[in-house]
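# What the coordinates show
Residue-level listing of the chains:
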Amino acid sequence: MDILVAYFSPSGTTAQAAKKLADELKADLFEIKPEKPYTAADLKWTNPLARCNREKLLNQKVPCQEKIGNISDYQVVFIGFPIWYYAEPNIIDSFVEDHNWEGKEVYLFATSGGSNMSKAVEKLNTKINGGIGGSKLLNRSSDIGPWLDSLGL
Ligand SMILES: Cc1cc2nc3c(=O)[nH]c(=O)nc-3n(C[C@H](O)[C@H](O)[C@H](O)COP(=O)(O)O)c2cc1C
């Protein structure tokens, strides 16, 4: 079975979870990148004028650098991201809108500073045709194995 782990991780934490997931699943990895990369200053949410805050407040679309050309090769796709403002970053909405999810099993994972991912799951469920098969906050890498076991993967 062909599995893809796609992730957005501007500061590297979600990337670690994504890599471990891909290792355990023997899956392919794809990094979701914005057309314009985020600098450290762009992510400084304590600065009201930082890019991240402007994008959130203005509900700006954040386009992806590239689409997955061969998405039809994958039956199972995991999508990972950091929690931003209690939900998914805007670039994840672009990524989800860029692809057709019909007939695929889609699973979500996230890392955060403590927030849960229920709002992200609720919002993305309306955008992913076919729906989401499961989701997990992976702030502890020891949660990965039991989660995959529970999914039967
Ligand atoms: C713009 C921005 C907004 C964030 N909002 C939240 C939040 O609402 N709740 C939370 O627990 N953590 C929040 N965080 C922290 C990140 O979710 C956390 O550090 C995550 O593990 C970063 O993943 P990454 O290294 O893959 O980018 C936010 C971080 C940024 C940069």
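In case you missed it, the structure is sitting above this.
These notes cover the structure that comes with them. (Residues numbered from 1 in each chain as written. Predicted model: local features only at pLDDT ≥ 70, side-chain atom pairs only at ≥ 80, totals over all residues.)

## A short note on the site of the ligand
Going by this rule: By definition, a residue lies near a molecule or strand when the C-beta atom built from its backbone is within 6 Å of it. Numbering of helices and strands runs from the N terminus; a helix is a DSSP stretch of H or I covering at least four residues, while a strand is a stretch of E covering at least two. In this classification, Asp, Glu, Lys and Arg are treated as charged, Ala, Val, Leu, Ile, Met, Phe, Trp, Tyr, Cys and Pro as nonpolar, and every other residue, Gly included, as polar.
Surrounding the ligand, one finds 20 residues, the nearest of these being Ser 9, Thr 13, Thr 14, Pro 82 and Gly 113. Here the shell around the ligand takes 3 residues from helix α1 (residues 13-25), the largest share from any one element. Within the shell around the ligand, the residues separate by chemical class into 10 nonpolar, 10 polar and no charged.

## What about the pairing of strand β4 (residues 105-111)?
This is how the line gets drawn: Note on burial: count the other C-beta atoms lying within 10 Å of the residue's C-beta; 20 or more is buried, 12 or fewer is exposed, in between is partly exposed, and C-beta positions come from the backbone. Pairs of strands are assigned from DSSP output, requiring at least two bridges between the strands.
Of all 7 residues making up β4, 6 are buried, and the element is well covered by its neighbours. Where strand β3 (residues 76-82) lies against β4, 7 bridges are found, and the strand directions are parallel. Counterpart to Phe 78 in the pairing with β4 is Tyr 107. Here 5 bridges tie β4 to strand β5 (residues 132-137), and the two strands are oriented parallel to one another. Paired with Tyr 107 across the bridge in β5 is Gly 134.

## Quick look at the sheet that holds β5
Working definition: the strands of a sheet are paired by backbone hydrogen bonds and lie parallel or antiparallel to each other. What counts, and what does not: Axis angles are defined between N-to-C directions and span 0 to 180 degrees, where every axis is a line fitted to C-alpha atoms and, for a helix, only to the segment in contact. C-beta atoms are first placed from the backbone for all residues, and any pair lying within 7 Å is then listed as a contact.
Strands sit in the order β2-β1-β3-β4-β5 across an open sheet of 5 strands; the sheet is parallel. Edge positions in the open sheet fall to β2 (28-31) and β5, since each of these has one partner strand only. When the angles between neighbouring strand axes are averaged without regard to direction, this sheet yields 20°. When strand β1 (residues 3-7) meets β2, the two strands line up parallel, connected through 4 bridges. Bridge pairing links Tyr 7 to Glu 31 in β2. Against the sheet, α1 contacts β1, β2, β3 and β4, and its axis sits at roughly 175° relative to β1.

## With respect to the nonpolar core
Going by this rule: For the purposes of this analysis, a nonpolar core is taken to be any set of buried Ala, Val, Leu, Ile, Met, Phe, Trp, Tyr and Cys residues that are connected through C-beta atoms within 7 Å.
Among the nonpolar cores identified, the biggest contains 35 residues, and Val 5, Ala 6, Phe 78, Ile 79, Leu 108, Phe 109 and Ala 110 are the most heavily contacted of them. Put simply, the parts of the chain that give this core at least two residues each are β1, α1, β3, α3 (90-97), β4 and α4 (118-125). Ranked by residues supplied to this core, first place goes to β4 with 5 residues. Among residues more than four places away in sequence, those in contact with Val 5 are Ala 18, Leu 21, Ala 22, Leu 25, Ala 27, Leu 29, Phe 78 and Gly 80.

## Side note on α3
If you check which residues of α3 are buried, you get Asn 90, Ile 91, Ile 92 and Phe 95. On its buried side, α3 packs onto α2 (51-57) and β3.

## Overview of unusual backbone geometry
Of all residues except glycine, most have a negative phi; of all peptide bonds, most are trans. Backbone geometry places Lys 26, a non-glycine residue, at a positive phi of 50°. According to the C-beta neighbour criterion, Lys 26 is exposed, with 9 such atoms within 10 Å. The phi dihedral of Tyr 86 falls on the positive side, at around 70°, and the residue is not glycine. Assignment of secondary structure puts Tyr 86 in the loop between β3 and α3.

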